[in-house]
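# Chains, contacts and geometry: an overview
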Amino acid sequence: MQTFGIYIHIPFCRQKCFYCDFPSFAGRESKIPAYLQALEQELYLLRRGQAEDGLCGGTGRLAPVTIYIGGGTPSVLSLPELEALFALLGRQIDFAGAGEITLEVNPGTAAEDKLQLLREAGVTRLSVGAQSFDDGCLQAAGRIHTGQEAEKIILQAQELGFADISLDLMYGLPRQTLPVLEHSLAKALSLGVQHISIYGLQLEPGTAFARMQEQGRLHLPDDALTEAMYDCINETLPAAGYHRYEISNFALRGHESRHNLSYWQDVPYLGIGSGAHSYWQGRRCFNQDSLAGYMEDISRGKVLAHIEENMTAQAHMEEYCFLALRTACGISAAAFQQKFRQSVHEVYGKKIAVLAERGLLRQTGDHIALTDLGMKFGNQVFGEFLL
Ligand code: SF4
């Protein structure tokens, strides 16, 4: 049986956050029932197409090792819609072999009865999009919840027995100062979550923030403050026992996200739903972002139909290195040799030596990985791995 993961995209949100350019829509809840039908049809078409390739277990259903339900906001679905989602997933996917089933929740749309349902449905891991515990920051970023609501959801999830809770935080937000960030980090630590993902704000075209920037109405922390925030995060979390296993991800040992690790370790995955991306049989494919376009494709039986890239050996090698370097383990020379029938030192030896000399890479036994400095200037390192 081939090892692969499944990502399910739920593209609905109560309101669009000001920084967000993900394929998600506000005010389209009336489309949810039709969308769920399309998800089931897509899974069915993939299952039928892949059965002979050994991707279905003895049950005839798709048998991934990890499942990640993200968005958008999966928790925006009502209780009956969540029930319908898990019923259709159960018809098409064999959950038994999935060691990790993650679902993203937004504190503004998750209530205790939904958490209870998720627990009973087999979700093993909750990813809570808190972003900050400071109400001023949350409001300035267009979030629909307060810090207290985020805290409440985590406490309720813990009460219900979720033993794998991940928290999303952001830095570099409007109105965020160093003490405000420190307060959010301290709150995350006091709640005892197992995993923390923390991303710096990126200004993406087409977002409300990008428009505010053009109009001179966006006031962000300056570069020095943003760097101080970055340093604060990377000192505070490891000191509290959260190891930095990927550039933006920290976890207590044994609580790393298996699904996300598989993205960085060249494991194939199927992306289901509008705007979802797949990495399948050496190709990168995507589904259309628009609900109408996606549903039209599925009604015509088109799955894995939009090819972003048919990866050449060279592109595969470059991407393998970028992705592996994002993780603390970095590139395994033995795994590289096995995959590409070439030594990583033959291909990249000179560049590795120069980057190590500059303090950006370190070599330990079989592994070539970013140093702390390399993590800070990751893009410079990744650029050197383009052939
Ligand atoms: S809730 Fe998430 S997906 Fe929805 S708009 Fe906000 S950041 Fe984007």
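Residues numbered from 1 in each chain as written. Predicted model: local features only at pLDDT ≥ 70, side-chain atom pairs only at ≥ 80, totals over all residues. Heavy atoms only, no water.

Across its full length, the chain carries 15 helices and 17 strands. In terms of C-alpha radius of gyration, the chain reaches 21 Å, essentially the compact-globule figure of 21 Å for 387 residues. When the backbone C-alpha atoms are referred to their principal axes, the chain occupies close to 55 × 50 × 45 Å. Carbon and sulfur atoms make up 50% of the accessible area of the chain, which totals about 16800 Å². (Helix = DSSP H or I, 4+ residues; strand = E, 2+ residues; numbered from the N terminus. Rg over C-alpha atoms; globule rule 2.2 N^0.38 Å. Areas by Shrake-Rupley, 256 points an atom, 1.4 Å probe, with all protein chains shown as cover.)

Right, let's get into the site of the ligand. Around the ligand sit Cys13, Gln15, Lys16, Cys17, Tyr19, Cys20, Phe22, Ser24, Gly72, Thr73, Asn106 and Arg143, and those are all the residues in its vicinity. The residue inventory of the shell around the ligand, partitioned by class, reads 5 nonpolar, 5 polar and 2 charged. (Near = heavy atom within 4 Å. Nonpolar A, V, L, I, M, F, W, Y, C, P; charged D, E, K, R; others polar.)

So, on to helix H6 (residues 178-191). An ideal rise of 1.5 Å per residue puts 20 Å on 14 residues; H6 measures up with 20 Å between its terminal C-alpha atoms. Taken together, the buried positions of H6 are occupied by Val180, Leu181, Ser184, Leu185, Ala188 and Leu191. The arc enclosing the buried residues of H6, seen along the axis, measures out at 140 degrees, which places them on a common side. Every exposed residue of H6 that faces more than 90 degrees away from the buried side is listed here: Pro179 and Ser190. Immediately downstream of H6, the backbone of Gly192 shows phi near 70 degrees, a positive value. (Expected span 1.5 Å × (residues − 1). Buried < 20%, exposed > 50% of the residue type's maximum accessible area, 1.4 Å probe, protein only. Arc of directions from axis to C-beta.)

Under the counting rule described, the total for this entry stands at 13 aromatic pairs. When the ring of Tyr35 is compared with that of Tyr294, the centres are 5.6 Å apart and the planes differ by 45 degrees; the resulting orientation is tilted. One end of the pair, Tyr35, is in helix H1 (residues 32-50); the other, Tyr294, is in helix H10 (residues 291-299), and 259 residues separate them in sequence. Under the relative-accessibility criterion, Tyr294 is labelled buried at 1%. Seen from their ring centres, Tyr348 and Phe385 are 4.6 Å apart, and the 45 degrees between their planes marks the pair as tilted. Remark: Phe385 occurs in the segment after helix H15 (378-384) and Tyr348 occurs in helix H13 (residues 344-357); sequence separation between them is 37 residues. Among the aromatic residues, ring-to-ring pairing joins Phe12, Tyr35 and Tyr294 into one connected group. Seen from the ring of Phe162, Arg119 lies directly overhead, with NZ or CZ sitting 5.4 Å from the centre. (Phe/Tyr/Trp six-rings, centres within 6.5 Å; stacked < 30°, edge-to-face > 60°. Lys NZ or Arg CZ within 6 Å of the ring centre and 35° of its normal.)

This part covers the domain arrangement of the chain. Assigned domains within the chain: domain 1 (5-264) and domain 2 (312-387). Between the C-alpha centres of domain 1 and domain 2 there is a distance of 29 Å. Taken together, both faces of the contact between domain 1 and domain 2 bury some 890 Å²; the carbon and sulfur share is 57%. Its salt-bridge partner being Asp231, residue Lys376 comes within 3.1 Å of it at the nearest N-O pair. In this assembly, domain 1 and domain 2 are joined by 6 residue pairs in polar contact (both at pLDDT 80 or more). Residue assignment for the side of domain 1 that touches domain 2 shows that the elements contributing at least two residues are helix H8 (223-239), strand E9 (243-246) and helix H9 (258-264). By residue class, the composition of the side of domain 1 that touches domain 2 is 6 nonpolar, 1 polar and 4 charged. (Domains from an automatic or database assignment. Buried area = accessible area lost by both parts, 1.4 Å probe. Salt bridge = Lys/Arg side-chain N within 4 Å of Asp/Glu carboxyl O. Polar contact = N/O pair within 3.5 Å; in protein donor to acceptor, adjacent residues only side chain to side chain.)

Scanning the model with the defined rule gives 10 salt bridges in all. For Lys339, the salt bridge goes to Asp266, with nearest N and O atoms at 2.7 Å. Pair noted here: Lys339 is in helix H12 (residues 333-340) and Asp266 is in the loop between H9 and strand E11 (269-272), with a separation of 73 residues, a long-range link. According to the relative accessible area criterion, Lys339 is partly exposed, its value standing at 39%. When the shortest N-O distance is used, the salt bridge between Lys302 and Asp297 registers 3.6 Å. Under the relative-accessibility criterion, Lys302 is labelled partly exposed at 37%. Salt bridges linked by common partners bring Glu227, Asp231 and Lys376 together as one network.

Moving on: H12. Those residues of H12 that fall on the buried side of the exposure criterion are Ala333, Phe336 and Phe340. Here the buried residues of H12 occupy an arc of 60 degrees about the axis, which is enough to place them on one side. Against helix H11 (313-325), strand E15 (331-332) and H13 lie the buried residues of H12. Just downstream of H12, Arg341 is the residue with a positive phi angle, here 55 degrees. (Contact = heavy atoms within 4.5 Å.)

So, on to the sheet that holds E15. In space, the 3 strands of this open sheet follow the order E15-E17-E16, with antiparallel pairing throughout. This sheet does not close on itself; its edge strands, each paired only once, are E15 and strand E16 (361-364). (Pairing = 2+ DSSP bridges.)

A word on the side chain of Gln156. Along the chain, Gln156 turns up in helix H5 (residues 147-159). Apart from residues lying up to four places away in sequence, Gln156 is in contact with Glu112 and Leu115.

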